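# Topology and contacts: notes
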Amino acid sequence: MKAAIGFVLLILTAANVSARDLSSFHLSSPPQEPAAADTVRNSTLDEMLLQFNQKSDSAALPYDSWTFDVHRYLGYTIVAATLAQVILGSMTWDARKAGTEPGTKTAHKYLGYTTAGLSLAQTALGYTNFCKLREKELGKTKRTIHLGLATLATAGFVTAAAIAYNAREDINDGTAAAESKTFDDLYSKHRTVGIISAASVLFTVVVIEW
Amino acid sequence: MNRLSTVITFLIVVASFSTGGAVTLNLKSGVVRYDVHLKTLGIGGDDVSAVNRTSIGKMTVTEDGQIEGGLIIPIVGFDSNNTKRDKDVAKILKYREHPAITFEVVEMTRQDIDRVLGSDSGQVNLKTKITAAGGSKVYDTVLDFRSEAANTIRFTTHIVGKFSDFGISPPRLGLILKTAPDRIDLSGDLVFEVEKGEQNQP
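Residues numbered from 1 in each chain as written. Chains lettered and ligands numbered in written order. Predicted model: local features only at pLDDT ≥ 70, side-chain atom pairs only at ≥ 80, totals over all residues.

Right, let's get into the overall build of chain A. Regarding its fold elements, chain A presents seven helices and one strand. Of the regular secondary structure in chain A, the N- to C-terminal order runs α-β-α-α-α-α-α-α. Here chain A holds 210 residues, and the buried ones make up 25% of them. A sequence separation of at least 24 residues applies to 81% of the contacts in chain A between residues at least 6 apart. (Helix = DSSP H or I, 4+ residues; strand = E, 2+ residues; numbered from the N terminus. Buried ≥ 20, exposed ≤ 12 C-beta atoms within 10 Å, placed from the backbone. Contact = placed C-beta atoms within 7 Å.)

In structure tokens:
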């Protein structure tokens, strides 16, 4: 439980740091009337502008797409789900270690599947967005690190879910008892992989928002 | 090498005028940059800047000393290393209706034009009109120039403008968290290629 509280504090610190970063501009009041334009015509510039405006991508922001908006908000959802998972997982672990039946087991299980599913969708969107921005040199290192960490997190979530599923199957089949496997034997890898994935989620958000 | 390139450039200019043609400056490469200083809760703060390497430029000096054409700076080309901020800036600049910022020379003496085209390096004063987000403003500015190689001239300039010059309110983040004063610094570092040619060919 202490580990979970520590992790939450780490997340909150990181969120505070990223909030300090200027991430967006907003208008503080309605636009004023523009200053008077010079009336002298520059026909060459007019023709250049005409040609420029006829280009289909002249006003197309490479990141002005629903895939970026969905990716952003899905990312925040996954961070929240991960936080909840860390707390639930920690509570489940502590209860098991104390030899009691954890009340958080079912919630942890289904939220885990949800988080893994959302992460898969998020990673697919992330790869799409990465490809859309492939021409953009500035920030490419940051985006590549973000992609790598997110891929690691998603792979970790799926792996953690698979480990937990197999452990449950072993317990149900009686294999675990036959092999004298302890709770630690069955779930320590699940826990380790889960923590690494959660940390990757945190850092991938910090990297891209920084 | 610089002196040689200046001589070549000068000869091209002389030859162009003597044959009745215009001199055209085509943008070869360059960076346009903006800098905005944001204050956090009215004190200190961050410097935000973005660079744009996607400008299109062509200026023709006609026989009578007029300068036609200018610089087109696509708004979507600004990169501040923060895609969300770039998107917000593009919206503030009304990029859908006005996808580019334009820069044109509205007043420059013939003497200064000859100096730019015929000297190794120096400074000239000019009036330039910047159009952004549907608003325009004429600025007095100082242009530094330097011959780089044969037929190329590097121009650098720095203009201190205001958001309100273009009908834009200074940006802010949150209600009072981060605010910008009504000031935007624009700077350009542009390399143009000089060529002899007919005027009014965009």
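This paragraph deals with helix α2 (residues 43–54) of chain A. Compared with an ideal rise of 1.5 Å per residue, which puts 12 residues at 16 Å, α2(A) spans 16 Å between its outermost C-alpha atoms and is within 8% of the ideal. Residues of α2(A) that are buried in the fold lie against β3 (56–61), β4 (67–74) and β6 (100–107) of chain B. (Expected span 1.5 Å × (residues − 1).)

Let us now look at the confidence of the model for chain B. Residue and element names in this part refer to chain B. Looking at chain B as a whole, its pLDDT mean stands at 83, while 84% of the residues score no less than 70. Mean pLDDT values over the elements of chain B span from 49, in helix α1 (residues 2–18), up to 95, in strand β9 (residues 152–161). For this predicted complex, the interface confidence reaches an ipTM of 0.76, while the overall pTM sits at 0.60. (pLDDT = per-residue confidence, 0-100.)

This part covers the pairing of strand β7 (residues 121–132) of chain B. Within a regular strand, the side chains alternate between the two sheet faces. Residue and element names in this part refer to chain B. Bridge analysis of β6 against β7 gives five bridges, and the strand direction is antiparallel. Opposite V105, over in β7, you have T128 as the bridge partner. Taken together, the 12 bridges between β7 and strand β8 (residues 135–149) define a ladder with antiparallel strand orientation. Directly across from I130, in β8, lies its bridge partner K137. (Pairing = 2+ DSSP bridges.)

All names here are of chain B. Of the strand pairs in this sheet, strand β1 (residues 22–40) and strand β2 (residues 43–52) are connected by eight bridges, and their pairing is antiparallel. Each bridged residue has a counterpart across the sheet, and for R33 the counterpart in β2 is V51. The pairing of β2 with strand β5 (residues 78–79) spans two bridges and is classified as antiparallel. The partner of V51 across the bridge, within β5, is D79.

Turning next to the nonpolar core. Ranked by size, the top nonpolar core spans 32 residues in total, and within it I72(B), I73(B), I75(B), A90(B), L93(B) and I101(B) carry the most contacts. Elements represented by at least two residues in this core include exactly α2 of chain A together with β1, β4, α2 (83–92), β6, β7 and β12 (184–197) of chain B. Not counting residues up to four positions away in its chain, the partners in contact with A90(B) are L61(A), I75(B), V76(B) and Y95(B). (Core = buried A, V, L, I, M, F, W, Y, C linked by C-beta atoms within 7 Å.)

Moving on, we come to the confidence of the model for chain A. Averaged over every residue, the pLDDT of chain A is 80; residues scoring 70 or more account for 76%. Taken together, the stretch residues 10–39 of chain A has pLDDT below 50 and engages in 64 contacts with residues farther than four places along the chain or on a different chain.

All names here are of chain B. At A133, a residue that is not glycine, the phi angle is positive and equals roughly 55°. As for its placement among the helices and strands, A133 is situated in the loop between β7 and β8. Positive phi outside glycine occurs at N151, with the angle close to 65°. Within the element layout of this structure, N151 appears in the loop between β8 and β9.

It is worth spelling out the packing of helix α3 (residues 66–97) of chain A against helix α4 (residues 105–132) of chain A at this point. Residue and element names in this part refer to chain A. Packing of α3 against α4 brings their axes to within 9 Å, and their N-to-C directions diverge by 155°. By the angle between their directions, the pair α3 and α4 is classed as roughly antiparallel. For the element pair α3 and α4, the recorded crossing hand is left-handed. Looking at the contact of α3 with α4 residue by residue, the classes come out as 11 nonpolar, 17 polar and one charged. (Axes fitted to C-alpha atoms, helices over the stretch in contact; angles between N-to-C directions. Parallel < 35°, antiparallel > 145°, perpendicular 65-115°, else oblique. Left-handed = near helix turned anticlockwise from the far one by under 90°. Nonpolar A, V, L, I, M, F, W, Y, C, P; charged D, E, K, R; others polar.)

Here the focus is the packing of helix α5 (residues 140–173) of chain A against helix α7 (residues 183–209) of chain A. Residue and element names in this part refer to chain A. At a minimum axis separation of 8 Å, α5 and α7 run at an interaxial angle of 160°. By the angle between their axes, α5 is roughly antiparallel relative to α7. Judged by the sense of rotation from one axis to the other, the crossing of α5 with α7 is left-handed. When its residues are assigned to classes, the contact of α5 with α7 shows 18 nonpolar, eight polar and three charged.

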